[in-house]
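One-letter residues, chain by chain:
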Amino acid sequence: MSSTTTSDNIDKGAGPVAPGERQDVAQLKTKFGPAIRSIELDAADEPVVYIAPDRNTEILQYLRDEQGYDMLRDVTGLDWGGGRPIQVVYELWASERRLPLRVKAEVPPSNPRLQTAFGIWHAANWLEREAYDMFGVKFDGHPDLRRILMPENYEEGYPLRKDFPLRGRFTRAEQTRRALARDLEDIYSLEELAVASRETRTAPRGLGVTAEIPTDVPDLEAKHMILNIGPQHPATHGVLRLVVELDGETIVKCTPHIGYLHTGFEKLSEYRTWNQVIPLTDRMDYLAPMIYNIGYALGVEKLLGLEVTPRCKVIRVICMELNRIFSHLIWIGTTAIDIGAFTPFLYTFEERERIYNLHEAYTGARMTTSVSRIGGMMADVPPGWLDAVRYFIETFPNTLDEVERLLSQNAIWIGRTQGVGVMGAAEATNAGLCGPNLRASGVPYDVRKDNPYLEYETYDFDVPIGEYGDVYDRYLVRMEEMRQSVRIIEQALDRVPDGPINVKDDRVILPPKSRVMNSIDGMIAHFKLVMEGLKVPAGETWYSVESSKGELGFYLVSDGGPKPVRCRYRGPSFMNMSNLPALVKGELVADIIAVNASIDIVLGEIDR
Amino acid sequence: MGPLSTKAFLIIGAAKMLMIFVGWLTAVAGVTLAERKIAAWIQDRSGPNRVGPWGLFQPIADGLKNFLKEEVRPAGSSRWVFYLAPVISMFPAMVVFAVIPIAAPLPTRWGTVNMIVADLPIGILYILAIASLGVYGLVLGGWSSNSKYSFLGGVRASAQMISYEVALGLSLVPILMVAGNVTLPQLVSQQQDALWYILPLMVGYLFLTASYFAETNRLPFDMPEAESELVAGFHTEYSAMKFAMFMLAEYANMVTAAALMATLFFGGWDIPFWSGDNMTLAADGSVAGAAPAWWKTTLTGLCFAAKTGFFILVFIWVRWTVPRFRYDQVMSLGWKVLIPMEVVYVALLGGAMLYLDYLGIPFGTRYALYLTALNVVLMLVIVFVVDRNRIILGAGWRQTRPQRVKSEWIEYADRRQDSR
């Protein structure tokens, strides 16, 4: 069982680095001295700084203000089990210097407490809530520390801790009994009462209703109305519930409730071998599955120190860019529907259908592609597939032009999108907005350019940057990104090299059947891979790729065994969704729909 | 021939009512199919094609389905109001059709029959009065459902329809000014004599179209429904036949609006460039102008149907092309743009008519042509000076922005070199 393996060997491969190897780490060490407990290198040779938990905000504040770590990419936990401390991982990024830094604070599992980083980066809001939900780490000073993915009154503990069984603590019968005993209507109506009545001015735990109700008016004259948008609603793009406090039609406060689609992918991954995790990844973002498949494989390959074949790299680029188009197309369509234009949706869906067919031709599946394997792809592309892709990218821009003609200059479209849901560059960076939304706010951050993978630096493409950070800019940025993706695919198609698609490494890739049947070493390799799964050396990495929705991070930790110790998927939609309340404040009901559509969420990945 | 005897009047009146009612219901059913078919063509798909040849029986299947579905009434709703609302919304659209002439007078053995259910002397005013009752169906439906989405839909409906009632009324004023009377058969015959009002009053037509799109709650003005925001707006909680009645009312309003547009601005049942149908039926049963004939009635009836069909097509076409306004934009478009412009237009038109009277030009083709010239100028002013895409943006964002974002080539430099 991977849950019982020890953490002792995690850092053996890396070993402590000499202080001063990276300037900022050295400066950190000099400034804080004993508060910096140790410094290690991870599998990607990036520094991991262990800090004293009681001084975390101080150090993080210093890192942001003095060292330029302006983005908080991730806050998550890591539990090694066996009573060892829970590590809280802060993944930082300095956009000016393009440097990552991982800061870890170790807290005892019996009383895990930390100061919140919410005051430093607003991005910490939901990330800390998730760490609390999954590991029970209490962040003092957090404005709204509630469970986020699990039900708010979940009683069984903290699921991602190693001592938590995969199936939960209670039996199915007990879980059902408790679920039925709970009256969800109570929670709903309490929220409404909190606004409608002066008796219940203290809102139920954590609901944070802000309505100021004067005490001298009768109950029925309460000013604000609570509107439940979702979980069943045409425009929530899945099962999302937005509790919106309305003053007339103006939004006073919007509280997203997520977790309705929580599947526990991160917990499940700890009970799968490394390759078995791949089918889980495409269930997260079913709108761009290949990006998730490939991003995960890239992360594991980084842990393995494995370089894939040149052909595989180019094919992966084609797949990822194709899926970027795939995802942006449905974005255009659904956003247009949400703003009332139904027709572009079907135009874009027709193009998506062609990508579906390409998926099917390659992988046999249309949506859950599971296209990658660690060390390569599931198979080489079928004959003629690349020509089909070329035909697609030659003809597809016509539809793009058509949609643009329908929308870009349409006065109603402009009126509905310009100046709506605005977020400035500084705020967006701080709040963890990512992907096209961040770029629409004017921040030129694209993982493909800032931290290239798959040799993206050798492709010639531009990064569209918006100016106003509103819905219209997000639309323009995505339209332009699709054109740039077409450019990338064109270049990739011109350079697809011959050769094997998978690495020739018996530790990672199944040997061909002829070898399995004819040679003993082939058979042994096959046996070991099938029976045990591939072994990944101990270590950890935070690997990020630019998914269609933003920076998709994989924080993968291995103890050398066949199963991951921790698979953390930092989804871009999760980060974008956490910014919805800030984006819609003061807008109208119609705008919340437009903004919610414009930030491009996919609930499978938010809820994971 | 004299006027119809009382008995003949009653029988023929009942027959006309039945005919119009059946024809109108068929038209409404046809429009539901047309909407789906045309939407499908606009969107590159086939549309309904399973029920009957070419999907022609789809409306029947829809109706049957709605009859057989379960009726659900939400807890806490006001029972009678909830049941009454669909009826209220259905009724006005239906009775408005009574004053619209659908064809040239028909000669029968009992006398010449005017092809209109009720030739009320208050014509247009009756339409305005009855059509504004339609909002009650929406408001009561939204209010009685005991649902917040319905409630918001009802609130929007009342605000929007009452606002656009004003705009609609004002957009009809030019016609009343030029025509000098309010009955629809008279309007048709005047257009036969002079020009279709679309030419001398084209700016008025522009206003009327905008107001009617808002009055019928069709995209881009479907605030009360707004399915992506309010689920289904005022009829969120309605199911089965009650829901179907709301839908029928919407399509019925559309048919009526299209018929009115055809009658008010496009000569009604008049066949253009042919004087054989230029006839009027006086109250005493005598016919002035060309002689009536049954084939002329048929032809003009078909012509009227074609014109109405065309405007229904426009309604459908617009719906599947443009996005939806936001609620505040609808209101500011109505109050800040449409109504002031209409007032100015009425003033300008009145001035022009006074001047034409001063010059002593009688009402007729020449008079209409002068007004046409004025309207063309006004139209150009509206399109190229006043509007330039700004009307719709209303009080919102007035900045002109490029339709492309700037793209940056970000150079990648290996950061490790300079950080160590």
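Quick caveat, the model's predicted, so the values are computed rather than measured. (Residues numbered from 1 in each chain as written. Chains lettered and ligands numbered in written order. Predicted model: local features only at pLDDT ≥ 70, side-chain atom pairs only at ≥ 80, totals over all residues. Heavy atoms only, no water.)

Enquirer: Can you tell me about the overall build of chain B, naming the residues and giving the values?
Expert: A count of helical and extended segments in chain B gives 15 helices and five strands. When the backbone C-alpha atoms are referred to their principal axes, chain B occupies close to 110 × 60 × 40 Å. A total of 420 residues make up chain B; the buried ones form 53% of that total. When contacts within chain B are restricted to residue pairs at least 6 apart in sequence, long-range pairs at least 24 apart make up 78% of them. (Helix = DSSP H or I, 4+ residues; strand = E, 2+ residues; numbered from the N terminus. Buried < 20%, exposed > 50% of the residue type's maximum accessible area, 1.4 Å probe, protein only. Contact = heavy atoms within 4.5 Å.)

Enquirer: Could you give an account of a nonpolar patch on the surface, with specific residues and numbers?
Expert: Residues and elements named next belong to chain B. Taken together, Trp41, Trp54, Leu56, Phe57, Ile60, Leu64, Phe67 and Leu68 make up a surface patch of nonpolar side chains, about 960 Å² in accessible area. No other element matches helix H2 (residues 58-68), which puts four residues into the nonpolar patch. Here phenylalanine 57 shows up in the loop between helix H1 (6-42) and H2. Using a relative accessible area of 45% as the deciding quantity, one classes phenylalanine 57 as partly exposed. (Patch = residues over 30% accessible without salt bridge, like charges linked within 9 Å, V, L, I, M, F, W, Y side chains within 5 Å. Areas by Shrake-Rupley, 256 points an atom, 1.4 Å probe, with all protein chains shown as cover. Salt bridge = Lys/Arg side-chain N within 4 Å of Asp/Glu carboxyl O.)

Enquirer: Tell me about the packing of aromatic side chains, residues and numbers included.
Expert: Counting across every chain of the model gives 35 aromatic pairs over all chains. With a centroid separation of 5.3 Å and an interplanar angle of 75°, the aromatic rings of Phe310(B) and Phe311(B) are classed as edge-to-face. According to the relative accessible area criterion, Phe310(B) is partly exposed, its value standing at 45%. Directly above the ring of Tyr456(A) sits Arg448(A), whose terminal nitrogen or CZ lies 5.9 Å from the centroid. The lysine or arginine in question, Arg495(A), covers the ring of Tyr459(A), its NZ or CZ lying 3.9 Å from the ring centre. (Phe/Tyr/Trp six-rings, centres within 6.5 Å; stacked < 30°, edge-to-face > 60°. Lys NZ or Arg CZ within 6 Å of the ring centre and 35° of its normal.)

Enquirer: Mind laying out the pattern of salt bridges, listing which residues take part and the relevant values?
Expert: Residue and element names in this part refer to chain A. Tallied over the full model, the rule gives 56 salt bridges over all chains. In this structure, lysine 162 and glutamate 270 form a salt bridge, with 3.0 Å as the shortest nitrogen-oxygen distance. Residue lysine 162 is located in the loop between strand S7 (138-140) and helix H4 (172-181), and its partner glutamate 270 is located in the loop between helix H6 (265-269) and helix H7 (278-284); the two are separated by 108 residues in the primary sequence. Residue classification places lysine 162 among the buried residues on the basis of a relative accessible area of 9%. A relative accessible area of 2% places glutamate 270 in the buried class. A salt bridge links aspartate 506 to arginine 515; the shortest N-O distance between them is 2.7 Å. A residue is classified by how much of its surface remains accessible, and aspartate 506, at 28% relative accessible area, is partly exposed. According to the relative accessible area criterion, arginine 515 is partly exposed, its value standing at 28%. Among the ionic contacts, a cluster of salt bridges with common partners joins Asp42, Arg73, Glu91, Arg102, Lys104, Glu540 and Glu551.

Enquirer: An account of the domain arrangement of chain A is requested, with residue identities and associated values reported.
Expert: The extent of an interface is frequently quoted as the accessible surface area lost upon association of the parts. All names here are of chain A. Taken domain by domain, chain A comprises domain 1 (1-11 + 19-188) and domain 2 (265-606). A straight line from the C-alpha centre of domain 1 to that of domain 2 covers 25 Å. A buried area of about 3500 Å², summed over both sides, lies between domain 1 and domain 2, and 57% of it is on carbon and sulfur atoms. Among the residues of domain 1 in contact with domain 2, Arg73, Trp126 and Leu166 are the three that bury the most area, contributing 19% of the side total. Where domain 1 packs against domain 2, one counts seven salt bridges. A salt bridge links glutamate 130 to arginine 568; the nearest nitrogen and oxygen atoms lie 3.1 Å apart. Linking domain 1 with domain 2 are 20 residue pairs in polar contact (both at pLDDT 80 or more). Among the secondary structure elements, those contributing two or more residues to the side of domain 1 that touches domain 2 are strand S3 (71-78), strand S4 (86-94), strand S5 (99-107) and helix H3 (124-135). If you tally residues by element for the side of domain 1 that touches domain 2, the top one is S3, at seven residues. (Domains from an automatic or database assignment. Buried area = accessible area lost by both parts, 1.4 Å probe. Polar contact = N/O pair within 3.5 Å; in protein donor to acceptor, adjacent residues only side chain to side chain.)

Enquirer: Account for the sheet that holds S5(A), naming residues and giving values.
Expert: All names here are of chain A. Ordered in space as S1-S2-S5-S4-S3, the five strands form an open sheet in which the pairing is mixed. For this open sheet the edge positions go to strand S1 (36-41) and S3, each flanked by a neighbour on one side alone. Looking at each pair of strands side by side, their axes are set apart by 20° on average, direction ignored. Across nine bridges, the pairing between S4 and S5 is antiparallel. Each bridged residue has a counterpart across the sheet, and for isoleucine 86 the counterpart in S5 is valine 107. Packed on one face of the sheet, helix H1 (residues 23-32) meets S1, strand S2 (47-51) and S5 and runs near 165° to S1. Running over the sheet, helix H2 (residues 56-65) touches S1, S2, S4 and S5 and is turned about 15° from S4. (Pairing = 2+ DSSP bridges. Axes fitted to C-alpha atoms, helices over the stretch in contact; angles between N-to-C directions.)

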